[in-house]
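# Tertiary structure, described
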Amino acid sequence: MTDFAATKAMFHLPKGMIYLDGNSLGALPRAAAAAVASTIGDEWGEMLITGWNKAGWMALPMHLGDRIAGLIGAEPGHVVVGDTLSIKVYQALAAGLDMRPDRRVILSDSGNFPTDLYMAEGLIRALDKGHELRVVAPEDVADHITDDVAVLMLTEVDYRTGRRHDMVDLTQRAHAAGVVTVWDLAHSAGALPVDLAGARADFAVGCTYKYLNGGPGAPAFIYVAPRHAGQISTVLSGWQGHTAPFAFDLDYRPNAGAERLRVGTPPILQMAALNAALDIWDMADMADVRAKSMALTDMFIKGVEATCPMLTLNSPRDAQARGSQVSFAFKDGYGAMQALIARGVVGDFRAPDIMRFGITPLYIDEGDVQGAIDIISDVMNNRLWDRPEYKIRAAVT
Ligand SMILES: *Cc1c(COP(=O)(O)O)cnc(C)c1O
């Protein structure tokens, strides 16, 4: 059994704050500060360039990938960390399209995070081969998996509603139609059990600053199934994915395996923070995390609905059908969220009217959820959000 009091104690949580936004930026692992300080002082400071060998910096993208592999059901050696998620989406999608040169359609859904769709549009323009991005409603995806589709690109858990796709079923349907799958795990990794190998996923990508708590700007990860790793094309063919980066060949020859998905120099300071964050995951069992997440999100929905009739649930009611976040629709949702933040309940707002609350069992417990329900009820029932200062939009919502 996971000791959630022990995992919570591993985080710095500001006094007087109930932090329900770990789905956007995970809380600070206490050990991260010392890990980054040591990487700066003992490694960068003392070792300088020799740190790439002596401190193992060069191996960090694969080392961290292996640690994340254990959380998403991936085979060791097939997850690589680096770059941002947008870049990794582009890479996976390009490799997937290259595997189906006779097809021209990328299928995705309207619940996808916009950057995934933007990257697809940009790739289509760069390829200039007449590809088409077909975006359908999330519930219609299965019916649109046809044999003209090259790649099915989906985010498993919808960033706004928390609705969860059935990865096993959709991957099976895709493969039956000869379609390559790219799964975005941005709201899955660290939120619920994922079994990439069991689902026979082809590619997966995700970020580490959300549920994995790697810190702002922490690098992304990419997975490629072992059966494809040695064959895939690398459209972002940077020197770090070369089979011998320090041979400085003028010609690009990709690494024999998944490491070809590296691009350029890895962000070592961010990786030091992520490495410390992943230590906390060694204390947790993902099945326990999921069970607690379902119980806490159920409790949150029940408590908010009982006291706030003006809020409309915008997430699946069935815990199995959602990730680890809950959202409610409310016409003045932006102001309401600012009022909640002023009272110490930190969630976020997603246009046009969604108030979003992430529930992260590693550091959020029943007491936090009850405290949040009480404050939300006070703010909503007493219209405490209805003030001019809560209506001024900040750059990041
Ligand atoms: C958070 C998120 C992103 C963010 O991409 P970055 O390149 O890290 O900014 C992309 N896609 C999805 C589905 C996300 O949830």
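Refer to the structure presented above.
Residues numbered from 1 in each chain as written. Predicted model: local features only at pLDDT ≥ 70, side-chain atom pairs only at ≥ 80, totals over all residues. Heavy atoms only, no water.

On to the packing of helix 2 (residues 30–47) against helix 10 (residues 268–281), then. Running from N to C, helix 2 and helix 10 cross one another at 140 degrees; their axes reach a closest spacing of 8 Å. With respect to helix 10, the axis of helix 2 lies oblique. The two elements helix 2 and helix 10 cross, and the hand of that crossing is right-handed. When helix 2 is examined against helix 10, the residues Ala31, Ala32, Ala35, Val36, Thr39, Ile40 and Trp44 are found in contact with a partner set consisting of Ile268, Leu269, Ala272, Ala273 and Ala276. Considered class by class, the residues forming the contact of helix 2 with helix 10 number 11 nonpolar, 1 polar and no charged. (Axes fitted to C-alpha atoms, helices over the stretch in contact; angles between N-to-C directions. Helix = DSSP H or I, 4+ residues; strand = E, 2+ residues; numbered from the N terminus. Parallel < 35°, antiparallel > 145°, perpendicular 65-115°, else oblique. Left-handed = near helix turned anticlockwise from the far one by under 90°. Contact = heavy atoms within 4.5 Å. Nonpolar A, V, L, I, M, F, W, Y, C, P; charged D, E, K, R; others polar.)

In this section: the sheet that holds strand 11 (residues 312–313). With antiparallel pairing, the 4 strands of this open sheet are ordered in space as 11-12-15-14. Each edge of the sheet is formed by a strand with only one pairing partner; in this case those strands are strand 11 and strand 14 (348–350). Taken together, the 3 bridges between strand 14 and strand 15 (residues 354–358) define a ladder with antiparallel strand orientation. Of the residues in strand 15, the one forming a bridge with Arg350 is Ile354. Helix 12 (residues 333–342) contacts strand 14 and strand 15 of the sheet and is inclined by roughly 40 degrees relative to strand 15. (Pairing = 2+ DSSP bridges.)

Turning to the side chain of Asp109, a few remarks are in order. By secondary structure assignment, the location of Asp109 is in strand 5 (residues 105–109). Asp109 gets classed as buried once you look at its relative accessible area, which sits at 1%. Separated by 2.7 Å, the side chain of Asp109 and the backbone nitrogen of Gly111 make a polar contact. Polar contacts involving the side chain of Asp109 include one to the side chain of His165, which spans 2.6 Å. Apart from the residues lying within four places of it in its own chain, the contact partners of Asp109 are Leu117, Val135, Val136, Ala137, Pro138, Val141, Leu154, Arg163 and His165. (Buried < 20%, exposed > 50% of the residue type's maximum accessible area, 1.4 Å probe, protein only. Polar contact = N/O pair within 3.5 Å; in protein donor to acceptor, adjacent residues only side chain to side chain.)

What you tend to see is this: most non-glycine residues have negative phi, and most peptide bonds are trans. Of note, the bond from Ala351 into Pro352 is cis; its omega dihedral lies within 30 degrees of zero at 5 degrees. Looking at the element boundaries, Pro352 is found in the loop between strand 14 and strand 15. The backbone of Asp128 sits at a positive phi, close to 55 degrees, despite the residue not being glycine. By the element assignment, Asp128 lies in the loop between helix 6 (114–127) and strand 6 (132–136). Residue Asn213 is not a glycine yet carries a positive backbone phi of 65 degrees. The topology assignment puts Asn213 in the loop between strand 9 (203–207) and strand 10 (220–224).

A cluster of nonpolar side chains, Ile40, Trp44, Leu48, Ile49 and Leu269, forms an exposed patch at the surface whose accessible area comes to about 510 Å². Summarising the element assignment, Ile49 is placed in the loop between helix 2 and helix 3 (51–54). (Patch = residues over 30% accessible without salt bridge, like charges linked within 9 Å, V, L, I, M, F, W, Y side chains within 5 Å. Areas by Shrake-Rupley, 256 points an atom, 1.4 Å probe, with all protein chains shown as cover. Salt bridge = Lys/Arg side-chain N within 4 Å of Asp/Glu carboxyl O.)

When you tally the buried positions in strand 15, you get 5 out of 5 residues, the bulk of the element. Judged by which residues are buried, strand 15 turns out to be covered on both faces: Ile354, Arg356 and Gly358 on one side and Met355 and Phe357 on the other are all buried. The sheet contact formed by strand 12 (residues 325–329) and strand 15 spans 5 bridges and is antiparallel. Within the sheet, the bridge partner assigned to Phe328 lies in strand 15 and is Met355. The turn joining strand 14 and strand 15, which pair antiparallel and follow one another in sequence, is formed by 3 residues.

Turning our attention to the site of the ligand. Close to the ligand lie Thr84, Leu85, Ser86, Phe113, Thr115, Asp116, Thr155, Asp184, Ala186, His187, Tyr209 and Lys210. Here an oxygen atom of the ligand sits 2.9 Å away from a polar atom, N or O, in the side chain of His187. In the model, an oxygen atom of the ligand is placed 2.6 Å from a nitrogen or oxygen of the Lys210 side chain. Relative to its free-state accessible area of 390 Å², the ligand is covered by the protein chains to the extent of 86%. Applying the majority rule of atoms within 2 Å of the grid points places the ligand in the largest pocket. Those elements that place two or more of their residues in the shell around the ligand are helix 5 (85–99) and helix 6. For the shell around the ligand, the residue count by class is 4 nonpolar, 5 polar and 3 charged. (Near = heavy atom within 4 Å. 1 Å grid on protein atoms, 1.4 Å probe; cavity = no way out; pocket = protein on both sides within 12 Å on 5 of 7 lines; lining within 4 Å. Sits in = over half its atoms within 2 Å of the grid points.)

On to the packing of aromatic side chains, then. Any pair of aromatic rings gets described here by the distance separating the centres and the angle formed by the planes. Scanning all chains against the criterion turns up 10 aromatic pairs. Between Phe11 and Tyr363, the aromatic rings sit 4.7 Å apart at their centres with planes inclined by 55 degrees, giving tilted as the arrangement. Here Phe11 is found in strand 1 (residues 11–12), whereas its partner Tyr363 is found in the loop between strand 15 and helix 13 (366–381), with 352 residues between them in sequence. Under the relative-accessibility criterion, Phe11 is labelled buried at 1%. On the accessibility criterion, Tyr363 (1% relative accessible area) is buried. Aromatic side chains Tyr334 and Phe349 sit 5.4 Å apart centroid to centroid with 85 degrees between the ring planes, which places their arrangement in the edge-to-face category. Of this pair, Tyr334 sits in helix 12 while Phe349 sits in strand 14, placing them 15 residues apart in sequence. Like Tyr334, the residue Phe349 is buried in the burial classification. Three or more aromatic residues joined by ring pairs form one cluster here, namely Trp239, Phe246 and Phe248. Across the ring face of Phe113, the terminal group of Lys210 is positioned such that the distance to the ring centre comes to 5.5 Å. (Phe/Tyr/Trp six-rings, centres within 6.5 Å; stacked < 30°, edge-to-face > 60°. Lys NZ or Arg CZ within 6 Å of the ring centre and 35° of its normal.)

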